[in-house]
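Spelled out, the chains give:
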Amino acid sequence: MGRAAPTFALAGLHAESNPRNETLTLRSAFRELHGRDLLAHREFRGLDDAAWRLVGAYHARAASGGRLDRGALSTLTDTLLDALARGPHVDGVLLCTHGAMRADGLDDADAAWISAVRAALGTGVPIIGVFDNHGTPTARSLAALDAVVAFRTIPHVDQVATMRRGLSLLAGAEGDERATHVAWRGAPLRLPSERAPSDRGPLRDAIARLDRLPTDVLSADVFIGNAWAPAGAATIGTVAMGTDRAQTEAFATATTRALWSARDRFAYPMEAGDLDATAERLQRGSDDRLVIADSGDAPGAGALGDRVDVLETVLAHATTRALLIGLVAPAWHAACEGRSVGERVALPRPGRHDAWTGTLAALPRPMGTAGLALVVSIDHVSVVVLDQRDDVPLPTAIVALGVDPEHYPVVALKTGFIPDAYLSGGATPWLALSPGVTDHRSIPGAAARR
Ligand SMILES: [Zn+2]
């Protein structure tokens with residue numbers, strides 16, 4: 001007689017907090033999904049399996065930003081607990097989180113809500129955490145979880161595969177009476193994510209170890225952690241779960257030691273330099289298109305996206321037409337309101353009393369998750385301006401504005417990770433170590449190493 005497939009609930013709170021961004025993240029910044037809408041969302045599609053029945057409880061996610069408002073954290077936690085309480089009885093819970101959520105005055109906000117879930121469910125229901133590998137489990141969050149799985153790619157492309165690994169662990173625990181042990185071994189290394197892509201270097205080597213687990217280790221993952229954490233808080237590390245305590249601890253220790261020993265091999269996968277070096281690179285010109293990452297002010301890593309340092313550098317030093325994409329400037333949207341394409345507009349310069357004179361080149365259009373984008377031209381530089389923080393739009397969205405990035409010899413993006421779509425056709429990437437809350441040079445030890 002086959003047993004009926006177990007029922008698992010999907011739930012979670014996901015936010016990466018960059019404490020250097022002093023704007024508090026409010027509940028309004030979260031996309032909240034309930035029930036069937038949660039299971040149908042593109043981020044969670046592909047989790048169906050004959051081995052389990054999945055119910056959507058509640059999941060809330062915000063883009064990377066400042067610390068959470070305490071009221072938001074408690075409301076989101078209550079909403080999640082309420083959704084689990086109203087749902088059917090389940091045999092296990094998958095909690096999807098980032099692992100670097102901080103609230104106002106509370107550094108380990110993930111542990112707070114995860115512990116609240118454990119307290120509500122009791123010890124009889126297995127709970128597995130799905131973490132971003134830029135987060136970090138803590139002793140307190142691990143104490144409330146039966147296991148943790150994490151993404152194995154940077155940039156991330158394996159979110160669904162990681163959730164499936166978590167669900168498989170829950171399914172495997174069904175009817176297995178063996179006690180399991182969870183081990184975490186961390187090491188203090190604050191590392192900009194851009195230095196740790198998963199397709200090369202120490203992170204690739206550490207991930208390869210995860211395919212050769214000792215017999216009694218059931219699961220293991222490695223973490224790069226969050227470079228913007230308060231001093232001393234961020235660590236690289238390894239989490240492992242197994243039925244043999246000694247093997248599990250030894251595997252976590254050895255894997256973290258391998259990462260730590262290779263720490264000098266973490267390197268940018270492209271040329272990088274500060275704004276002076278970026279200016280020289282622009283003056284030197286290029287046979288290829290040059291694609292610049294404005295890494296110090298990347299909203300994807302929690303920055304505001306409103307700094308104009310790279311724009312000023314491109315204006316002063318680009319010898320050809322250039323396109324800057326993703327500047328967050330609500331004031332420029334206000335300045336363009338009611339204007340027609342081709343009209344001159346005064347664009348206030350942040351932190352100064354003067355303005356650039358630009359020309360409106362494309363009217364506002366919906367872009368990305370919520371906001372609007374328009375295009376203005378200042379001299380030889382066109383700027384795609386967003387009215388709110390968002391990840392850099394992909395080229396297809398820019399083309400819809402009537403501007404083709406491939407036609408510009410120089411493109412600058414408000415991101416640390418240049419999407420592949422911007423590098424097609426032989427473009428050269430350049431990482432600008434620019435000012436901003438995600439300035440790599442402000443991480444102790446990070447800028448000294450190449
Ligand atoms: Zn991440």
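Residues numbered from 1 in each chain as written. Predicted model: local features only at pLDDT ≥ 70, side-chain atom pairs only at ≥ 80, totals over all residues.

So, about the overall build of the protein. A tally of regular secondary structure across the protein gives 11 helices and 18 strands. In terms of overall dimensions, the protein is globule-like: its C-alpha atoms have a radius of gyration of 23 Å, near the 22 Å expected for 450 residues. For the protein, the spread of C-alpha atoms along the principal axes amounts to about 75 × 45 × 40 Å. In the protein, which comprises 450 residues, the share counted as buried stands at 49%. Contacts in the protein between residues far apart in sequence, at least 24 positions, make up 73% of those at least 6 positions apart. (Helix = DSSP H or I, 4+ residues; strand = E, 2+ residues; numbered from the N terminus. Rg over C-alpha atoms; globule rule 2.2 N^0.38 Å. Buried ≥ 20, exposed ≤ 12 C-beta atoms within 10 Å, placed from the backbone. Contact = placed C-beta atoms within 7 Å.)

Below, the discussion takes up the environment of His98. Take His98: it is sitting in the loop between strand 4 (92–96) and helix 3 (109–121). For His98, a count of 23 C-beta atoms within 10 Å translates into the label buried. Once the C-alpha coordinates of His98 and His134 are considered, the two residues, 36 residues apart in sequence, prove to be 7.4 Å apart. Contact partners of His98, with chain neighbours within four places excluded, come to His14, Ala15, Glu16, Asp132 and Gly135.

Attention shifts here to the packing of helix 2 (residues 70–86) against helix 3. Between helix 2 and helix 3, the least distance of the axes is 10 Å, while the angle of their chain directions is 25 degrees. Classed by the angle they form, the pair helix 2 and helix 3 counts as roughly parallel. Here helix 2 runs over helix 3; the crossing is right-handed. On helix 3, the residues touching Leu73, Thr77, Leu80, Leu81, Leu84 and Ala85 of helix 2 are Ala109, Trp113, Ala116, Val117 and Ala120. Per-class residue counts for the contact of helix 2 with helix 3 are 10 nonpolar, 1 polar and no charged. (Axes fitted to C-alpha atoms, helices over the stretch in contact; angles between N-to-C directions. Parallel < 35°, antiparallel > 145°, perpendicular 65-115°, else oblique. Left-handed = near helix turned anticlockwise from the far one by under 90°. Nonpolar A, V, L, I, M, F, W, Y, C, P; charged D, E, K, R; others polar.)

Side-chain positions along a regular strand alternate between the two faces of the sheet. The buried fraction of strand 1 (residues 7–14) amounts to 7 of the 8 residues, a majority that puts the element mostly inside the structure. Bridge count between strand 1 and strand 4: 4 bridges; the pairing is parallel. Bridge pairing in strand 4 places Phe8 opposite Gly92. (Pairing = 2+ DSSP bridges.)

This part covers the sheet that holds strand 1. Across the sheet, 6 strands lie side by side as 2-3-1-4-5-6; this open sheet has mixed pairing. Both edges of this open sheet fall to strand 2 (31–34) and strand 6 (147–150), since each of them pairs with a single strand only. The sheet shows a mean angle of 20 degrees between the axes of neighbouring strands, taken without regard to direction. By the bridge criterion, 4 bridges tie strand 2 to strand 3 (residues 53–61) in an arrangement that is antiparallel. Each bridged residue has a counterpart across the sheet, and for Glu32 the counterpart in strand 3 is Ala60. Relative to strand 5 (residues 127–131), helix 3 is tilted by about 160 degrees, and along the sheet it contacts strand 1, strand 4 and strand 5.

Our next topic: the domain arrangement of the protein. What the domain assignment lists for the protein is domain 1 (7–265) and domain 2 (271–442). Taken together, the contact pairs 12 residues of domain 1 with 14 residues of domain 2. Looking at the side of domain 1 that touches domain 2 residue by residue, the class counts come to 4 nonpolar, 5 polar and 3 charged. (Domains from an automatic or database assignment.)

Ranked by size, the top nonpolar core spans 78 residues in total, and within it Phe8, Ala11, Leu80, Leu94 and Leu95 carry the most contacts. Residue contacts for Phe8: discarding those within four places in its chain leaves Trp52, Leu54, Val90, Asp91, Gly92, Val93, Leu94, Leu167 and Leu170. Residues Ala272, Leu311, Ala373 and Val383 belong to the second largest nonpolar core, which totals 56 residues. (Core = buried A, V, L, I, M, F, W, Y, C linked by C-beta atoms within 7 Å.)

What follows is about helix 7 (residues 245–261). Given a rise of 1.5 Å per residue, 17 residues ought to cover 24 Å, and the 24 Å separating the end C-alpha atoms of helix 7 matches this to within 8%. Regarding helix 7, the residues found buried are Thr248, Phe251, Ala252, Thr255, Thr256 and Leu259. Relative to the axis of helix 7, the buried residues are bounded by an arc of 120 degrees and lie together on one face. Residues of helix 7 that are exposed and point more than 90 degrees away from the buried face comprise Ala246 and Ser261. Looking at the buried positions of helix 7, the neighbouring elements they touch are strand 7 (181–187), helix 6 (201–209), strand 8 (217–223) and strand 9 (236–242). (Expected span 1.5 Å × (residues − 1). Arc of directions from axis to C-beta.)

Moving on, we come to the pairing of strand 11 (residues 290–294). Of all the 5 residues making up strand 11, 5 are buried; the element is thus mostly covered by neighbouring parts of the structure. Looking at chain direction, strand 11 and strand 17 (residues 410–413) are connected through 4 bridges and run parallel. The partner of Ala293 across the bridge, within strand 17, is Leu413.

Here we come to the sheet that holds strand 9. Spatially, 7-9-8 is the arrangement adopted by the 3 strands of the open sheet, whose pairing is antiparallel. Among the strands making up the open sheet, the edge pair consists of strand 7 and strand 8. When strand polarity is set aside, the average angle formed by the axes of neighbouring strands in this sheet is 10 degrees. Note that strand 8 and strand 9 share 6 bridges and pair antiparallel. Its bridge partner lying in strand 9, Asp221 is registered against Val239.

Let us now look at helix 8 (residues 275–284). Taken residue by residue, helix 8 has Thr278, Arg281 and Leu282 as its buried positions. The arc that holds every buried residue of helix 8, seen down its axis, measures 100 degrees, which confines them to one face. Facing away from the buried side of helix 8 by over 90 degrees, the exposed positions are Asp276, Glu280, Gln283 and Arg284. Considering only its buried residues, helix 8 is in contact with strand 10 (271–273), strand 11, helix 9 (309–317), strand 17 and strand 18 (428–432). Within two residues after helix 8, Gly285 carries a phi angle of roughly 70 degrees, on the positive side.

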